[in-house]
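One letter stands for each residue in the lines below.
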Amino acid sequence: MNTLDLEIQSLTHKHLSALLQLDQACFGGLWTLDAYERELDSPNTFLLGSINPNSLDLSGMGCFWSILDEAHITILAVHPQYQNQGLGQALLFSLLKTAYEQGLERATLEVRPSNVGAITLYQKFGFKTAGRRRRYYKDNDEDALILWLGDIQTPQFNRTLDVWLDTIKTRLYKSGWNLTFPK
Ligand SMILES: CC(C)(COP(=O)(O)OP(=O)(O)OC[C@H]1O[C@@H](n2cnc3c(N)ncnc32)[C@H](O)[C@@H]1OP(=O)(O)O)[C@@H](O)C(=O)NCCC(=O)NCCS
């Protein structure tokens, strides 16, 4: 089977215009150029992308802020053209792996109750609903669900990451992607 290489990389300023295009395609303009520049400059931000190393096409991104011992996931997005191929779970895996490597204890995020696809994805990785922020999203006054994943800093979680990686690679391969991590 012919596959395309896919790398999960830490993003840098050279990816700024690709980030803005992806943001536009996924959210219609959630963060500005300034906002992405601030994220890239912040030592507490981890911004990862899924990239075809040959075409340099940025197909997805994931971001978390390291706050005390918590990973606050602020963005997870896959370009509509590449959704349902396993990229979202590869990015979420990479965020959680990075959080583990950074010594963080738990991860959290907010999600719209109407975003069933994203919620299903987070639940697959063990996230549980812990509360609700009323009228959190200003565009339509929708509440936010607050999801948490605990016990990241355990040998058990490290083993779980290994199991997930195998599953994720297999799923991506079926969609024509060969996942690698740059050294
Ligand atoms: C949410 C998002 C990142 C998922 O990315 P993706 O690459 O399509 O997801 P994957 O292909 O890796 O799917 C992984 C799993 O998530 C779940 N899932 C993903 N999309 C789904 C959908 N539309 N409906 C139901 N389950 C879905 C499934 O369990 C899927 O596994 P399966 O295909 O083996 O059943 C993507 O849909 C997206 O970018 N949406 C717009 C931005 C957004 O809403 N981000 C989340 C903000 S909190």
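Above this note sits the structure.
Residues numbered from 1 in each chain as written. Predicted model: local features only at pLDDT ≥ 70, side-chain atom pairs only at ≥ 80, totals over all residues. Heavy atoms only, no water.

Visitor: Pulling in residues and values, what's your account of the overall build of the protein?
Guide: Across its full length, the protein carries 5 helices and 8 strands. Each helix (α) and strand (β) of the protein, taken in turn from the N terminus, gives the series β-α-α-β-β-β-α-β-α-β-β-α-β. Scaling as 2.2 N^0.38, a compact globule of 183 residues should have a C-alpha radius of gyration of about 16 Å, and the protein matches this with 16 Å. Its C-alpha atoms give the protein principal-axis dimensions of about 45 × 40 × 30 Å. Burial analysis of the protein (183 residues in total) assigns 45% to the buried set. Put simply, of all contacts in the protein between residues at least 6 apart along the chain, 63% involve residues at least 24 apart. (Helix = DSSP H or I, 4+ residues; strand = E, 2+ residues; numbered from the N terminus. Rg over C-alpha atoms; globule rule 2.2 N^0.38 Å. Buried < 20%, exposed > 50% of the residue type's maximum accessible area, 1.4 Å probe, protein only. Contact = heavy atoms within 4.5 Å.)

Visitor: A description of the nonpolar core should follow, citing residues and the corresponding values.
Guide: Grouped burial of nonpolar side chains is what soluble globular proteins tend to show. Within the largest apolar cluster, 41 residues are counted, with the highest numbers of intra-cluster contacts made by Leu92, Leu96, Tyr122, Phe125 and Phe127. In terms of residue count, the dominant contributor to this core is helix α3 (residues 87-101) (9 residues). Apart from residues lying up to four places away in sequence, Phe125 is in contact with Gln89, Leu92, Phe93, Leu96, Leu149, Trp164 and Ile168. Counting residues in hydrophobic clusters, the runner-up holds 15 residues, among them Leu22, Cys63, Ile75 and Ala77. (Core = buried A, V, L, I, M, F, W, Y, C linked by side-chain atoms within 4.5 Å.)

Visitor: Give me the lowdown on the environment of Asn158, citing residues and values where you can.
Guide: Tracing the sequence through the fold places Asn158 in helix α5 (residues 155-174). The spacing of Asn158 and Ala25 is 133 residues in sequence and 34 Å in space, taken between C-alpha atoms. Looking at Asn158, its side chain comes within polar contact range of the side chain of Tyr100, at 3.4 Å. (Polar contact = N/O pair within 3.5 Å; in protein donor to acceptor, adjacent residues only side chain to side chain.)

Visitor: Hey, could you go over the packing of helix α1 (residues 16-27) against helix α2 (residues 33-41) for me, with residue numbers and the actual values?
Guide: With their axes 10 Å apart at the nearest point, α1 and α2 run at an angle of 125° to one another. The pairing of α1 with α2 is recorded here as oblique in orientation. Note on packing geometry: the crossing formed by α1 with α2 is right-handed. Along the contact surface, α1 presents Leu16, Leu19, Leu20 and Asp23, while α2 presents Leu33, Tyr36, Glu37 and Leu40. Here the contact of α1 with α2 is built from residues that sort into 6 nonpolar, no polar and 2 charged. (Axes fitted to C-alpha atoms, helices over the stretch in contact; angles between N-to-C directions. Parallel < 35°, antiparallel > 145°, perpendicular 65-115°, else oblique. Left-handed = near helix turned anticlockwise from the far one by under 90°. Nonpolar A, V, L, I, M, F, W, Y, C, P; charged D, E, K, R; others polar.)

Visitor: Residues and numbers for a nonpolar patch on the surface, please.
Guide: Residues Trp65, Ile67 and Leu68 make up a contiguous nonpolar surface patch of roughly 330 Å² in combined accessible area. Note that Leu68 resides in the loop between β3 (58-67) and β4 (70-78). A relative accessible area of 81% means that Leu68 is categorised as exposed. (Patch = residues over 30% accessible without salt bridge, like charges linked within 9 Å, V, L, I, M, F, W, Y side chains within 5 Å. Areas by Shrake-Rupley, 256 points an atom, 1.4 Å probe, with all protein chains shown as cover. Salt bridge = Lys/Arg side-chain N within 4 Å of Asp/Glu carboxyl O.)

Visitor: Could you give an account of the sheet that holds strand β8 (residues 177-180), with specific residues and numbers?
Guide: Ordered in space as β6-β7-β5-β4-β3-β2-β1-β8, the 8 strands form an open sheet in which the pairing is mixed. Looking at which strands have only one partner, the edges of the open sheet turn out to be β6 (128-137) and β8. The average undirected angle you get between the axes of adjacent strands in this sheet is 25°. In terms of strand pairing, strand β2 (residues 45-51) meets β3 through 7 bridges, oriented antiparallel. Across the sheet, Ser50 pairs through a bridge with Gly60, a residue of β3. Contacts from α5 reach β1 (4-10), β7 (142-149) and β8, with the element oriented near 150° to β8. (Pairing = 2+ DSSP bridges.)

Scope: geometric values only; no functional claims are made or implied.
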